[in-house]
2 protein chains.
Amino acid sequence: MKRHNFSAGPCILPQEVFEQASKAVLNFNALDLSILEISHRSKDFVQVIESARSLVKKLLKLGDDYEVLFLQGGASLQFVMVPFNLAKEGGNPAYLNTGTWASKAIKEAQRLSTVDIVASSKEQGFNHIPKDYTVNENADYFHCTSNNTIYGTQMKSFPDVKVPLVCDMSSDIFSRELDFTKFDLIYAGAQKNMGPAGATLVVVKKDILGKTGRNIPAYLDYQVHIDKDSMFNTPSVFAVYVSMLTLHWLDQQGGIPAIEKINQEKANLLYAEIERNPMFKAYAVAEDRSTMNATFNLVDEAYQDKFDGIWMDAGINGLKGHRSVGGYRASMYNALSLESVQVLVDCMQELEKQA
Amino acid sequence: MKRHNFSAGPCILPQEVFEQASKAVLNFNALDLSILEISHRSKDFVQVIESARSLVKKLLKLGDDYEVLFLQGGASLQFVMVPFNLAKEGGNPAYLNTGTWASKAIKEAQRLSTVDIVASSKEQGFNHIPKDYTVNENADYFHCTSNNTIYGTQMKSFPDVKVPLVCDMSSDIFSRELDFTKFDLIYAGAQKNMGPAGATLVVVKKDILGKTGRNIPAYLDYQVHIDKDSMFNTPSVFAVYVSMLTLHWLDQQGGIPAIEKINQEKANLLYAEIERNPMFKAYAVAEDRSTMNATFNLVDEAYQDKFDGIWMDAGINGLKGHRSVGGYRASMYNALSLESVQVLVDCMQELEKQA
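Residues numbered from 1 in each chain as written. Chains lettered and ligands numbered in written order. Predicted model: local features only at pLDDT ≥ 70, side-chain atom pairs only at ≥ 80, totals over all residues. Heavy atoms only, no water.

A. Representation of the pairing of strand β3 (residues 94-97) of chain B. Residues and elements named next belong to chain B. Judged by which residues are buried, β3 turns out to be covered on both faces: Ala94 and Leu96 on one side and Tyr95 and Asn97 on the other are all buried. Here β3 runs beside strand β4 (residues 116-120); their pairing, made up of four bridges, is parallel. Bridge pairing links Tyr95 to Ile117 in β4. Where the polypeptide runs from β3 across helix α4 (residues 100-112) and back to β4, its parallel neighbour, the crossover connection is right-handed. In the sheet, β3 pairs with strand β5 (residues 142-145) via two bridges, with the strands oriented parallel. Looking at the pairing, Ala94 lines up with Phe142 of β5. (Buried < 20%, exposed > 50% of the residue type's maximum accessible area, 1.4 Å probe, protein only. Helix = DSSP H or I, 4+ residues; strand = E, 2+ residues; numbered from the N terminus. Pairing = 2+ DSSP bridges. Right-handed = clockwise from strand over helix to strand, strands pointing away.)

See the structure below:
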């Protein structure tokens, strides 16, 4: 059965990536060895991680002033590493609160410093991105979340700040063109547009490090990982390998400009239907709607069982909304086809007919 | 070509595990979805992690006073987490220094507290396990490393201590029978006897936690992960899945008693040849030799190219010693067959003939 996987992450990856990864689990690079049993210091794997690293720089158009790391622990460990590496003792990092994950990042920074929350949309159920705020020039850094997976909102522009700009791009990296040189630190759990769960991408501008005077535990210290080319300890070999395959696939598609065009078409198709169809209403305000995660609810929840039956029968997977928002969430990551979004739109129209 | 993989880790896993994992990358549990694209909160994956957890308890014969966690970051992150969770401010944890990894664990504990190094074999190139030492009754805990992958030494017994006993078992867990109830905290990177790189096993006795009064970053706090059943954040889904398959395989083989018997046969075969063959000498002292990693050198290094040619031609992989010891290291983890060890022994005898 052809499945249409709208899962919020881990999520759909290109079919050819699944096929190549499946083969490598049996026999990698014709070595007669599985990708799971080779040394992370073997020539073949070093080539994989170096290729992944250079694809990241190529796709994001970044130069040698940036380092690319593949770590573990997801964005949740980055919430800890960012203040350890960038917040001075007694310093004041600035954070924008746009959702659950931003709130968690703030909580971790608060263990080490006094955080200045420049703005928050919490009172409005995080249904929009705050825009009127200023970032103090003396802040250690400014932290924001580019896309809020749970609420379906996305920052369409980023402020010009005079301090290091740090961004959690877990759920929309590699999905749209941005001037990535504007950012000093970008991090992302792999399990959306980059690969499977188990790897964490960190892109860091080298000159922002080494300024806090903190005694940083080795694993939490970006400089330690930079000095060892992400081999300070055994990396998540398979997750890095599948990420490399996915980045290579994206490059072959024409890179970020090409995929952004398709992502915009998918989002336009779905949001137009949410607006048109009287059975549904959008959760996020129009101007801040995410191209990655569309959140919407039934106007009349009595139709829930009927609608669930329709989309499940159509082969759709992973459409249930997060418990904090309820309703539905359609995650339309890079590897999801326009055809799958059309299937969802057809289901929404089918409900309208049956109602 | 049939390969004999003596790699030190990531390392050989059972062939049937590779086959099942390869299939799951294409279609997991007949869901028409890849294991790489399903939600970690899906019923099917929750079943995987619960099954892995209960297999760990079954194989180690542990009761409900222990919690089993699947984290990320390897033993290197555990070096940080152990003192954060168990060392009081101003406390004195006790460490045994038996090698490179023990030294790294000590270094991380020293960032948070004054460490009492009860004994060290560093001056002798870590070629043995120190045995005459006492652990202060007021220590926060006692930390040791059960098997030293780089030097090929293994603790054959563990001291009776009156403080929590913490053990890094990364390279020999599930390889031999021990009274695991003697330990209060066991951790292990998955990439030896448990699975692929990317998952970290932590087994912790609940009553030792919550006593330091420290403000612990969320990801580093064992209690946070316990409260969320290892789902505080997205776990390394595929690595946990392959670990579950490997644990299931071990259970089907007859568990630890059955595999220990084979591991002992493999070690006896190889060490007997190292002793007998005049071309080779062992690195570690006899009584402390590891059943997992045998370290040995050529008596005359002039034969290196010849020996390397012989074992490479025989399909052997991963025999080069670690740069700190040189020579050779044969890692004989659970999934390596007695037949592969016989192939290595044949190569050693072939060198003797040709010399």
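B. Spotlight on the relation of the copies chain B and chain A. Taken as rigid bodies, chain B and chain A are interconverted by a rotation of 180° and an axial shift of 0.0 Å, the fit giving an RMSD of 0.0 Å. Such a combination of rotation and displacement between the chain copies is what one expects of a two-fold axis. By C-alpha distance to the rotation axis, the residue of chain B lying nearest is Ser22(B), at 2.3 Å. An overlap of 100% is found between the interface residues of chain B and their copies at the interface of chain A, pointing to a shared contact surface. (Least-squares fit on C-alpha atoms with pLDDT ≥ 70 in both. Contact = heavy atoms within 4.5 Å.)

C. Representation of helix α9 (residues 338-354) of chain A in the model. With 17 residues, α9(A) ought to run about 24 Å at 1.5 Å a step, and its terminal C-alpha atoms sit 24 Å apart, in line with that. All buried positions along α9(A) are accounted for by Ser340(A), Val341(A), Val343(A), Leu344(A), Val345(A), Cys347(A), Met348(A) and Leu351(A). (Expected span 1.5 Å × (residues − 1).)

D. Expanded view of the nonpolar core. Phe174(A) and Phe174(B) are the most contacted members of the largest nonpolar core, which has 130 residues in total. Discounting residues that sit within four places of it in the chain, Phe174(B) has contacts with Val56(B), Leu59(B), Leu60(B), Asn193(B), Met194(B), Leu201(B), Leu247(B), Leu250(B), Ile256(B), Ile259(B) and Asn334(B). One finds Ala109(A), Val166(A), Val202(A) and Tyr219(A) within the second-largest nonpolar core, a separate group that totals 62 residues. (Core = buried A, V, L, I, M, F, W, Y, C linked by side-chain atoms within 4.5 Å.)

E. Representation of the interface of chain B and chain A in the model. With 51 residues of chain B at the contact, the number on the chain A side is 52 residues. The contact between chain B and chain A buries some 4,300 Å² in all, and 59% of this surface belongs to carbon and sulfur atoms. On the chain B side of the interface with chain A, the three residues burying the most area are Leu36(B), Glu37(B) and Arg111(B), jointly 14% of the side's total. At the junction of chain B with chain A, the criterion picks out zero salt bridges. On the surface where chain B and chain A come into contact, there are 17 residue pairs in polar contact (both at pLDDT 80 or more). Among the elements of the structure, α1 (15-26), α3 (74-86), α4 and α6 (237-253) of chain B are those that each provide at least two residues to the side of chain B that touches chain A. Of all the elements, α1(B) adds the most residues to the side of chain B that touches chain A, at six residues. Split into classes, the residues belonging to the side of chain B that touches chain A amount to 27 nonpolar, 18 polar and six charged. (Buried area = accessible area lost by both parts, 1.4 Å probe. Salt bridge = Lys/Arg side-chain N within 4 Å of Asp/Glu carboxyl O. Polar contact = N/O pair within 3.5 Å; in protein donor to acceptor, adjacent residues only side chain to side chain. Nonpolar A, V, L, I, M, F, W, Y, C, P; charged D, E, K, R; others polar.)

F. Geometry of unusual backbone geometry. Going from Gly9(A) to Pro10(A), the amide bond is cis rather than trans, its omega being -5°. By the element assignment, Pro10(A) lies in the loop between β1 (4-5) and α1 (15-26). The backbone of Phe174(A) shows a phi angle near 65°, a positive value even though the residue is not glycine. Note on placement: Phe174(A) falls in the loop between β8 (165-168) and β9 (185-189). Phi is positive for Asp32(B), which is not a glycine, with a value near 60°. Structurally, Asp32(B) is set in the loop between α1 and α2 (43-60). For Asp32(B), a relative accessible area of 32% translates into the label partly exposed.

G. Examining the sheet that holds strand β12 (residues 293-298) of chain A more closely. All names here are of chain A. Spatial ordering of the open sheet is given by β11-β12-β14, a layout of three strands whose pairing is antiparallel. With one partner strand each, in any of the chains shown, β11 (280-282) and β14 (328-331) form the two edges of the open sheet. Taken over all neighbouring pairs, the strand axes of this sheet differ in orientation by 35° on average, direction set aside. Here helix α7 (residues 255-276) sits on the sheet and contacts β11, β12 and β14; the angle it forms with β12, its principal contact strand, is near 20°. Running over the sheet, helix α8 (residues 304-313) touches β11, β12 and β14 and is turned about 25° from β14. (Axes fitted to C-alpha atoms, helices over the stretch in contact; angles between N-to-C directions.)

H. Quick look at the domain arrangement of chain A. Residues and elements named next belong to chain A. Partitioning chain A into structural domains gives domain 1 (15-253) and domain 2 (255-354). Spacing between the C-alpha centres of domain 1 and domain 2 amounts to 27 Å. In this assembly, 30 residues from domain 1 lie in contact with 26 residues from domain 2. Here domain 1 and domain 2 share two salt bridges between them. Of the charged contacts in the structure, one is a salt bridge between Lys131 and Glu287, with a shortest N-O distance of 3.1 Å. Along the contact surface separating domain 1 from domain 2 lie 18 residue pairs in polar contact (both at pLDDT 80 or more). Counting residues per element, the ones that place at least two in the side of domain 1 that touches domain 2 are α2 (43-60), β7 (153-154) and α6 (237-253). (Domains from an automatic or database assignment.)

I. Region of interest: α1(A). Over its 12 residues, α1(A) extends 18 Å from the first C-alpha to the last, a length consistent with the 16 Å expected when each residue adds 1.5 Å. Of all the positions in α1(A), only Val17(A), Phe18(A), Ala21(A), Ser22(A), Ala24(A) and Val25(A) are classed as buried. Axial view of α1(A): buried residues confined to an arc of 165°, hence all on one face. Away from its buried face by more than 90 degrees, α1(A) exposes Glu16(A) and Lys23(A). Of the surrounding elements, those touching the buried residues of α1(A) are α6 of chain A together with α1 and α6 of chain B. (Arc of directions from axis to C-beta.)

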